[in-house]
Amino acid sequence: MTDLDHRARDILCRNDRGGYTVPTHGLYPFQWNWDSAFVALGFAGFDRDRAWQELETLVSAQWADGMIPHIVFHQHDEGYFPGPGVWATGQTPPTSGITQPPVLATVVRRLWEEEGADPAHPRMRALYRACLASHRWFHTYRDPLGNGLAMVTHNWETGRDNSSEWDEALARVDTSGVGSYQRRDTGHVDAAMRPKQSEYDRYVAILQFGRDCGWDHRRIADEGPFRMIDVGTSMILLRANRDLLILAEAIGDAPAAAELRARIALSEQGMDWLWNEEVGAYCSRDATTGASSALVTNASFLAFYAGVGTPARHARLIAALARIEAGTRFLLPSLEAGSRDYDHRRYWRGPIWLVVSYMVALGLAEHGEAAWSERLRRDSARLIEAAGFYESFSPETGEGSGGGDFSWTAAMWLAWCG
Ligand code: 9YW
């Protein structure tokens, strides 16, 4: 084991709060949904029980309607805004009222296969049921166009919080009733690495809309102030449905398998609508206006991970990757340099996030693009080697940004790039 292997394990163990892991000490003191799925991959290499437990603790907060919340507030901490009192979801344990990208089923499949793929595996079977309920929640509440894509009703649900993709939709959000509040994030890290105040007001306004309708997910989906078809969530959900289908077939759950096959076919077709021929990439679209973001982000390349696209489209995506590579030092930036509001230090407007790089690299390898996949892996390793286990990294300088000793970055070192 190398020194960095030891450090990565140590970060996961130090961020362990007993059955779940905080993303980083201070800045994010609770359990986050997709973080935990990636963190389980990190634990899997040295503590199998703890890996499963991370996922089980997450789904213990699943709502009766099937939603797996984006944050679970297991213990009190004043250091984060918006905390449980602001969300006011009335759940036990307290949670936020929105979700995050459903990577869970894909991780469950991987852990289960690593352990011999026994259909009777009790922990897999319990998590299978949780994933099925969560995917059905997406299909019931988050497919307003009936085309198998995933709508998000808050930019936080995408996990790519301040991506430029949301700017136009956010600009329409009324912030006049937001009132005063105290941000906590800028007390932990440099404000230049975080969303701007005007953006934060909009995030809070969307939250308040959900809270004011008692977290009625039907109403939020129909009338909410922010309704985007997110390319990232849509691709991740498609992949997760494929992985869940493998589990359904192994278990012998024929009705669910049939349902998942139909869902997958619908999504494969629906993805056409996200393809922007002019840009040569899959882009998010506004569910209200139908407008394409026309932006190439790291999520655009999740098409490989989801298994969608024709050879011609793949060629255009690879051309976009080559163009991005030619213009920066490290892959894969969250936004292409030169795009509107690109900023190599500001969160999801440029910095590299290793969990997205990992999913993209996996998809590239599965589609015969071994050299590109390896390039992403090597760049990710170099970033950690030079800067440490940061939340994200500048694609230009390689410097770390956001929180340090970050759980999912450590997990990516252990499970993928290290
Ligand atoms: C916030 C925890 C989360 C991630 C998100 C990332 C950030 C939290 O941190 O959001 O308060 O802004 O954008 O993807 O799950 O690591």
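Before reading on, note that the structure itself is shown above.
Residues numbered from 1 in each chain as written. Predicted model: local features only at pLDDT ≥ 70, side-chain atom pairs only at ≥ 80, totals over all residues. Heavy atoms only, no water.

Visitor: Go over the environment of Asn-241 with me, naming the residues and quoting the values.
Guide: Assignment of secondary structure puts Asn-241 in helix H11 (residues 231-251). Owing to a relative accessible area of 0%, Asn-241 belongs among the buried residues under this scheme. A sequence separation of 16 residues divides Asn-241 from Ala-257, and the C-alpha atoms of the two residues are 9.7 Å apart. When near neighbours in sequence (up to four residues on either side) are disregarded, Asn-241 contacts His-135, His-139, Leu-260, Arg-263 and Ile-264. (Helix = DSSP H or I, 4+ residues; strand = E, 2+ residues; numbered from the N terminus. Buried < 20%, exposed > 50% of the residue type's maximum accessible area, 1.4 Å probe, protein only. Contact = heavy atoms within 4.5 Å.)

Visitor: Mind laying out the pattern of salt bridges, listing which residues take part and the relevant values?
Guide: Applying the stated criterion across every chain, the model contains 38 salt bridges. One salt bridge in this structure joins Asp-379 and Arg-382, with 3.2 Å as the shortest N-O distance. One end of the pair is Asp-379 and the other is Arg-382, both in helix H16 (residues 370-387) and 3 residues apart, which spans about a single turn. (Salt bridge = Lys/Arg side-chain N within 4 Å of Asp/Glu carboxyl O.)

Visitor: Account for the site of the ligand, with residues named and values stated.
Guide: By nearness alone, 15 residues border the ligand, and Asp-35, Tyr-80, Gly-159, Asp-161 and Tyr-347 come closest of all. At 2.9 Å from an oxygen atom of the ligand is found a side-chain nitrogen or oxygen belonging to Asp-161. Side-chain polar atom of Trp-348 to an oxygen atom of the ligand: 2.9 Å apart, as the coordinates give it. Relative to its unbound accessible surface of 380 Å², the ligand loses 99% to contact with the protein. Partitioning the shell around the ligand into residue classes produces 9 nonpolar, 2 polar and 4 charged. (Near = heavy atom within 4 Å. Polar contact = N/O pair within 3.5 Å; in protein donor to acceptor, adjacent residues only side chain to side chain. Areas by Shrake-Rupley, 256 points an atom, 1.4 Å probe, with all protein chains shown as cover. Nonpolar A, V, L, I, M, F, W, Y, C, P; charged D, E, K, R; others polar.)

Visitor: Describe in detail helix H3 (residues 48-59), supporting the description with residues and values.
Guide: Its 12 residues give H3 an end-to-end C-alpha distance of 17 Å, which sits within 8% of 16 Å, the value for a rise of 1.5 Å per residue. When we look at burial in H3, the residues that qualify are Arg-50, Ala-51, Trp-52, Glu-54, Leu-55, Thr-57, Leu-58 and Val-59. Close packing links the buried residues of H3 with strand E1 (31-32), helix H2 (33-44), strand E2 (71-72), helix H5 (104-114) and helix H6 (122-141). (Expected span 1.5 Å × (residues − 1).)

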